Structures are given as structure tokens and as C-alpha cells.
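Secondary and tertiary structure notes
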Amino acid sequence: MILLTLPDGSARRFDGPVTGDELARSIGPGLAKAALAVKVDGIMRDLALPIERDAKVEIVTRTNPDALELLRHDAAHVLAEAVQELFPGTQITFGPAVDNGFYYDFARDEKFTPEDFPRIEARMKEIVDRDEAIVRETWTRDEAIGYFAAKGEAFKAEYVGTIPEDESISIYRQGKFVDLCTGPHLPSTGKLGKAFKLTKLAGAYWRADARNAQLQRIYGTAWADDKQLQAHLGQIEEAERRDHRRLGREMELFHQQDEAAGMVFWHPKGWTLFRTLEDFLRRRLERAGYLEVRTPQLVDRKLWEESGHWEKFREHMYIAENEAGLRQFVADPKERVFALKPMNCPCHVQIFNQGLKSYRDLPLRMAEFGSCHRHEPSGALHGIMRVRNFIQDDAHIFCTEDQVTAESIAFCELLHGIYRDLGFPEVAVRFADRPPVRAGADPVWDRAEAALGAAVEAAKLPHTMAPGEGAFYGPKLEFHLKDSIGRSWQCGTLQVDFVLPERLDASYVGQDGAKHRPVMLHRAILGSMERFIGVLIEHHAGKFPLWLAPVQAVVATIVSEADDHARRVKGALDDAGLRADIDLRNEKINYKVREHSLAKVPALLVVGKKEAAQGTVALRRLDGSDQEVLALDEAVTRLRNEAAAPGAS
RNA sequence: GCCGGGUUAGCUCAGGGGUAGAGCAAUCGCCUUGUAAGCGAUAGGUCGUCGGUUCAAUUCCGACACCCGGCACCA
């Protein structure tokens, strides 16, 4: 006797094991037709598999959000089937569901091109129309190796070889297509529907390792229905419209050029934005008890050797030296040479090491808007989001081991407050623990992970684990914020470091009069200023809140008779500390409104004959709402109040 | 760094072995204008760089640089 409980709380009894399909049919023929899979105690399973125990069950139909992963995974299989039919000799490898879609990695000597997509999509739709049954089979490992090897599927055979011998292997078959897969899958290809589209072609390494063969990856997006697909394609267009590289140019914020690949030329408006953000942050840091410092760009290799960077990150560092020095270095690499700093921490330890520190000096919070250079691989560069020279909102907290938890909690509060004020209320936290290659002994890592773990518990932060993703010197928290169109960006970080103070011999005199090692907390909130500004641009689609906008207001005249009044208005805005421009050009007001709207100026103060006569302004906001005529003083006061940085009062 | 695609006017893009095209922007002139594009004229290019094939290359081939999409990387 088996008791199955449905989501509405009702229960059904069966005499023996029952498949998801049978369960659905027992509820109703409509549901049976719509059923894609069944969730048994929260785990998605094939409809055809028998349910053998009492369980909470739910029939999954395509309206269920969880169905998407299933559809996408099947879309990947249908893609592989179509490709093997159209391009015989192509080897299959892996093809999972991913965010918004799926991909499949193929091995084939000839190259796919995007021109192949329409043909492949057409064949995929044919396979959907064929409505091939998708059947799960269980094979032994050796059967699977034999089958794939005989078929010339070297990658599959190799993979199956890595599975433990005694494990049985599930195989899914649809038509003539056979793939190794844990499932679950749809009952037949017809259930996939046709709301999918192939999107991208890319190289990808076999088993994600750059030392392995490179495969050809075809990406696609798949949805429950055409409406969802169209909505997604619209979202992609929206993301393109928000692209910070496009808006950066259009809004005259910055540019980049070949002669300084991966670096940023900040234009006056972009630099205004940069400084506004920096000043906002600086005030917050001061209030939170940080002391700002400034350290050299160019530091002797000796320091990087002591810190461990030279050994570990040498190839990402820029060497800089005058010619004589470089000649010496080339002749004898042991010669003295300078390197541009890739991080600020070793320099901060140098400041800490000046003079004797007492336990009374701790915690010592040392902040720097530090310019760092890192030679990022050429393929990694992306606008101002991933650059080779960037400014970190960096700080290091030197503290005792006992203070780690309290300092971590205080940092998390500071960070969340700043994100909130910058318009990012949603933050996800990841705990990254020890990586395979690391500095420091395991007992040290045990203590560091325990301390950070205690902090994250005490701060009551929901978080997920990221095993093996910590920094080489210590575990870290990563803070990911969600933007206005749902994308996630890693910005903040908090890292516990017992290693660097040791390597650079930092110490303080404790209450007991003996020398002790401080712990270092490395922390950043925005991460890279450049990257964060990129995120801000895309988050706001360039329409910054008044306090951040590089040009906050433009005074625009309708007729030249209003020029004098316009100059008075501009003067009043200047006096109020607002960043204002004036537009006296001989153009129609329609033209001016359009131009400043496209430039995303938040406030437009229009003045014509009437306003000049009455000493008023017509205030027009960027979104076109609340157009109103106000006394000059009132308009200025309103804008000034709104332009204050969040939390400034 | 790897795979694929790309680089033509300030921007968006068309073209194509025989002296290079559009729209927008720019400049000049007319228009004094009421909340998202007034009208007219003018100017603007080593077709990414270097090399090869050719009577002739911006066009075909190769190398390099950079950009785009992924992958790998991200202290």
C-alpha cells in the first residue's frame, strides 16, 4: 500500500508501485496529457519511473517554473540529435540546461557557423513533430563504454570510463539518438514544444580544462511557450540598450582605445560620476572608523617576493623600470626591478609596520582608493567591467583574532547600507573556502574558516557555499548584488587572512607585553570602481538618480529674450552646488528637450517669455512627468534637497 | 591565452578587383521658436596595420593589433 500526498493536501492510495504517468491519469486525463514529470518529495523524476514509497508528489506541467529546466535539458538533447543527423561524424559530449536555456558541446573537425542555425533549428522542430518517445534504460558501465567506443564517441566513452565500475548507468534513447544522462527527461520530444532558438556559437574546453581539447558549443534559449521566448528576446535587447560601453560613449563618460587596452580614459562627465561615488563612499568609511591612506604604484620586486605575489601572480604583474634597470633585469632576472602593484595589501602592511603597534591600536581600519594594475588575459577584457588598471575601494582591517567576528559583522552592515543607498536592496552572499592551491598551513585555514563562519552566522546572513573558491591566502565572503533587470554582479568581498601578516612580519604588543600577529581582513564594497560604475550605468540604463548624474540640470531657453533670466537661473543652481548647464542655442524647445532627454539629464528648467517676466521656471523631469511652473527659489530648493547623497545628513 | 565572428565618415550601417555610399551628428546660413527631431547648404575617409597575389587590392590571401560572443582566468 502506497500513500501519495498531492500539493493540495489530498492523498491517494495505491496497491503497489505506481508511475507518475499512472498517478496523473488517476487524477484526470487533462493532467495526464499535460504532465511532463513528477516531483517526488521535491525531487524531479521521469513520469515513467515507478514511485515505490509513500511520498509527497506533484505532477509537473509546463506552467510549473521547475519545468523549464526539464524543457531546456531536453532541448539540448534534441539539438544534439538534430546535429548528428545533419552532420554525421559529429561527436556528442555534454549538454546541460543553464540559465535561460541550454547548450551542447560537440567535437567536429569542420566548424559550425551561425548560418547553420536555421537548418539545425528546422531539424529540431522536425524532431519535436516526430514526437519520439524518450526512454530511459539502465546499462552496465562496460556496456556503455563498448557502445560509445564502437560508435566512435570517444569523449563519451572516456567519460563513462571515469565512472566507478559498479555503478549502473542511465541511458536515454529518443529515436536513433542515445545519450548518457542522469535525467530526468520529458516523456517524448513532442512535449518540448517549439519555443526555443539557437543563439550563440562558442569554443569550450572538454571538461572545462584549458589543457584539454576545445569543443564547439552551441547555445540556445528555451521556454515553455512563445510568449516567454519573445519576452526573453526582448530582455536581451533591453540589456543591449543598457550596455555600458554604448551608454558610456553616448553620454560622454569615458572611452577606451588600443594604445591602452583594458584601461579607461575618463571624460569630464564620467570623472564627475566617479568622484561623486568616491566621495559618497569616503564619507561612509570615515564614519565607520576607517583611516584613508595612499601608497606607491611602483614597488620593488622584493616586497612582492616577501608577500608571495611574485611567485604566485608574477605573470599577471607589470614590470616597470627605467631602461638601465630593465637591461639589468633581462641580463639577470635576479636583478632589482620594480612592479606595478596588483593589490594594495602589502603596502598597507608597510604602513602598519611603521612604529610599534599596541593592542590598543586595534582594530586598525586602513582604506585606500588604490589604483592597481593586473595583466588580465586579453579575452577577459570587457568594457570597463574587466580592465587591467582599476581603482579598488580597498581596505584592510588589522585586528586580533577575537575581533574578527565583530569586525566582520560591522563590515556586513556597512556594505548592506551602502548597497541599499545605491539602489541594490537584493544581495546574495557566498562563502568561499580553501582552494586546492593555497598559502598557509591547514590549522591556520581551520581557524580562518571558523572565524569567518562565526561572523556570517552572527550577522545572520543567508549564504551559499562555494567550495574551493577562496583566495590563496584565506577564505572569503563574496557579495553579489542583483540589478534592475535581474542580473547578478559580484562586487563586495571580505577575506580573512592569517598568512600575509606572518609573511610580512606584522605584529602588535598585546596586553601581556608580548608580540602577537594581527589578523588582516581584506575587504571591498564596490570592488573595482570602474566595474561598479559599469554596473551602475546598466542598472539605471544611464538615467542616474539626481545625486549621481554628472549633469544634474540644464537651463534651456525658448526665446533669446529669456537669456538673461536663464543666466540668473543657472547662477542660482551653481550657488546651490548643483551641476548645471545652460542651453541658449537658437533651437526650438522641442529640439532641446529631445537632445537633453537623450543625454539623460534628470532635470530640465525651461524658461521662455512668461518665466522671464514672472521670475519662474518650468521644471521638467526626465521621465516627462510633473512638468510644473515654480518660483525659482522653490525649484532650486527642491533640486538641492533631492541632490544630496543618500545618508549625507 | 583558446575557439568563432568582426574592424568602411564622430555614430549606426550599406557596398564591392577599376578614384567610396546613406541616415544621424558636425560646420555655416535662414528661422525667435512653449516641452522628444524646423529648412537649406557645406565639409567630412590611407576602407584597422603590415606583407603577398594582381596591370590594378578598401575588396582576394597571410600575419599582427584591437573589438564582439563564449571558454579558460579573475590574487
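Residues numbered from 1 in each chain as written. Chains lettered and ligands numbered in written order. Predicted model: local features only at pLDDT ≥ 70, side-chain atom pairs only at ≥ 80, totals over all residues. Heavy atoms only, no water.

Looking at the element boundaries, Glu 530 is found in helix H17 (residues 529–540). For the buried Glu 530, which has no salt bridge, the nearest side chain bearing the opposite charge is Arg 531, at an N-O separation of 9.9 Å. Contact partners of Glu 530, with chain neighbours within four places excluded, come to Val 264, Trp 266, Phe 274, Ile 384, Val 387, Asn 389, Phe 390 and Ile 391. (Helix = DSSP H or I, 4+ residues; strand = E, 2+ residues; numbered from the N terminus. Buried < 20%, exposed > 50% of the residue type's maximum accessible area, 1.4 Å probe, protein only. Lys, Arg positive; Asp, Glu negative; His and termini not counted. Salt bridge = Lys/Arg side-chain N within 4 Å of Asp/Glu carboxyl O. Contact = heavy atoms within 4.5 Å.)

Now for the environment of Phe 87. Here Phe 87 shows up in the loop between helix H3 (67–86) and strand E8 (91–92). Looking at Phe 87, the relative accessible area reads 7%, which means it is buried. Expressed as a C-alpha distance, the spacing of Phe 87 and Arg 374, which sit 287 residues apart in the sequence, is 43 Å. For Phe 87, the residues in contact, after removing those within four places along its chain, are Arg 108, Phe 112, Asp 116, Arg 119 and Ile 120.

Taken together, 53 residues are adjacent to RNA strand B, and Tyr 205, Gln 214, Asn 586, Arg 594 and Glu 611 come closest. When atoms of RNA strand B within 4 Å of the protein are sorted by moiety, sugar and phosphate together comprise 50%. Interatomic distance of 2.5 Å between a side-chain N/O atom of Tyr 205 and a base nitrogen of RNA strand B. Interatomic distance of 2.8 Å between a side-chain N/O atom of Arg 620 and a base oxygen of RNA strand B. Of all the elements in the fold, those that place two or more residues in the surface near RNA strand B are strand E14 (196–205), strand E15 (214–222), helix H8 (244–250), helix H19 (589–598), helix H20 (609–614) and strand E34 (616–621). (Near = heavy atom within 4 Å. Polar contact = N/O pair within 3.5 Å; in protein donor to acceptor, adjacent residues only side chain to side chain.)

The strand order across the open sheet formed by five strands is E32-E31-E33-E34-E35, and the pairing between neighbours is mixed. The open sheet has two edge strands, strand E32 (580–583) and strand E35 (628–631), and neither has a second partner. Direction aside, the axes of adjacent strands within the sheet are offset by 30° on average. Here E34 runs beside E35; their pairing, made up of four bridges, is antiparallel. Opposite Leu 619, over in E35, you have Glu 628 as the bridge partner. (Pairing = 2+ DSSP bridges. Axes fitted to C-alpha atoms, helices over the stretch in contact; angles between N-to-C directions.)

Let us look at the packing of aromatic side chains. For the coordinates displayed, the defined rule picks out 19 aromatic pairs. Pairing Phe 472 with Tyr 473 gives two aromatic rings, centres 5.3 Å apart and planes at 70°, and the pair type is edge-to-face. Residue class for Phe 472 comes out buried when judged on its relative accessible area of 10%. Ring pairing ties together the aromatic residues Phe 87, Tyr 104, Phe 106 and Phe 112, which thus form one cluster. The ring of Phe 196 has Lys 125 lying over it, and the distance from NZ or CZ to the ring centre is 5.8 Å. Across from the ring centre of Trp 206, 5.9 Å away, lies the NZ or CZ of Arg 207, which sits over that ring. (Phe/Tyr/Trp six-rings, centres within 6.5 Å; stacked < 30°, edge-to-face > 60°. Lys NZ or Arg CZ within 6 Å of the ring centre and 35° of its normal.)

Quick look at the nonpolar core now. Membership of the largest hydrophobic core comes to 63 residues, with the highest contact counts inside it found for Leu 277, Leu 422, Leu 477, Phe 479 and Phe 532. Formed by 42 residues, the second largest nonpolar core is a distinct cluster that contains Ala 75, Val 78, Val 128 and Ala 195. (Core = buried A, V, L, I, M, F, W, Y, C linked by side-chain atoms within 4.5 Å.)

So, about helix H7 (residues 226–241). With 16 residues, H7 should reach 22 Å at 1.5 Å per residue; the first-to-last C-alpha distance of 23 Å fits that figure. Looking only at H7, the buried set comprises Leu 229, His 232 and Leu 233. Along the long axis of H7, the arc covered by the buried residues comes to 95°, so they all point the same way. Where the residues of H7 are buried, they touch E14 and E15. You can read the cap of H7 off the contacts: a side-chain oxygen lies 3.1 Å from the backbone nitrogen of Lys 227, and it is on Asp 225. (Expected span 1.5 Å × (residues − 1). Arc of directions from axis to C-beta.)

Read from one edge of the open sheet, eight strands run E18-E22-E23-E30-E27-E26-E24-E25, paired in mixed fashion. The sheet is open, and its two borders are formed by strand E18 (291–292) and strand E25 (463–466), each paired with just one other strand. Bridging between strand E24 (residues 427–432) and E25 involves four bridges; their strand directions are parallel. Paired with Phe 431 across the two strands is Met 465, which belongs to E25. Against the sheet, H17 makes contact with strand E22 (364–373), strand E23 (389–399), strand E26 (476–482), strand E27 (488–497) and strand E30 (519–528), and its axis sits at roughly 40° relative to E30, the strand it touches most.

Moving on, we come to the environment of Glu 628. Relative to the helices and strands, Glu 628 is located in strand E35. Sequence separation of Glu 628 and Val 617 is eleven residues, and the distance between their C-alpha atoms is 8.2 Å. A distance of 2.6 Å separates a polar atom in the side chain of Glu 628 from a polar atom in the side chain of Arg 638.

To continue, consider the confidence of the model for chain A. Averaged over all residues, the pLDDT of chain A equals 92, while 100% of them reach at least 70. In the model of chain A, helix H12 (residues 323–331) stands out as the element of lowest mean pLDDT, 75, in contrast to E18, which has the highest, 98. Across the interfaces of the predicted complex, the ipTM metric reaches 0.93, alongside a pTM of 0.91. (pLDDT = per-residue confidence, 0-100.)

Okay, the pairing of strand E7 (residues 55–61) next. Of all seven residues making up E7, five are buried, and the element is well covered by its neighbours. In terms of strand pairing, strand E1 (residues 2–5) meets E7 through two bridges, oriented parallel. Bridge pairing links Leu 4 to Ala 55 in E7.

What follows covers the pattern of salt bridges. Applying the stated criterion across every chain, the model contains 48 salt bridges. For the salt bridge of Arg 242 with Glu 238, the shortest nitrogen-to-oxygen distance reads 2.7 Å. For Arg 242, a relative accessible area of 11% corresponds to the buried category. As a salt-bridge pair, Glu 634 and Arg 638 come within 3.3 Å of each other at their nearest N and O atoms.

Moving on to the packing of helix H9 (residues 268–287) against helix H14 (residues 404–421). The interhelical angle for the contact between H9 and H14, taken along N-to-C directions, is 150°, at an axis separation of 11 Å. When the interaxial angle is binned, H9 and H14 end up roughly antiparallel. The hand of the H9/H14 crossing is right-handed. Contacts between H9 and H14 involve Phe 280, Leu 281, Arg 284 and Leu 285 from the former and Leu 414, Gly 417, Ile 418 and Asp 421 from the latter. (Parallel < 35°, antiparallel > 145°, perpendicular 65-115°, else oblique. Left-handed = near helix turned anticlockwise from the far one by under 90°.)

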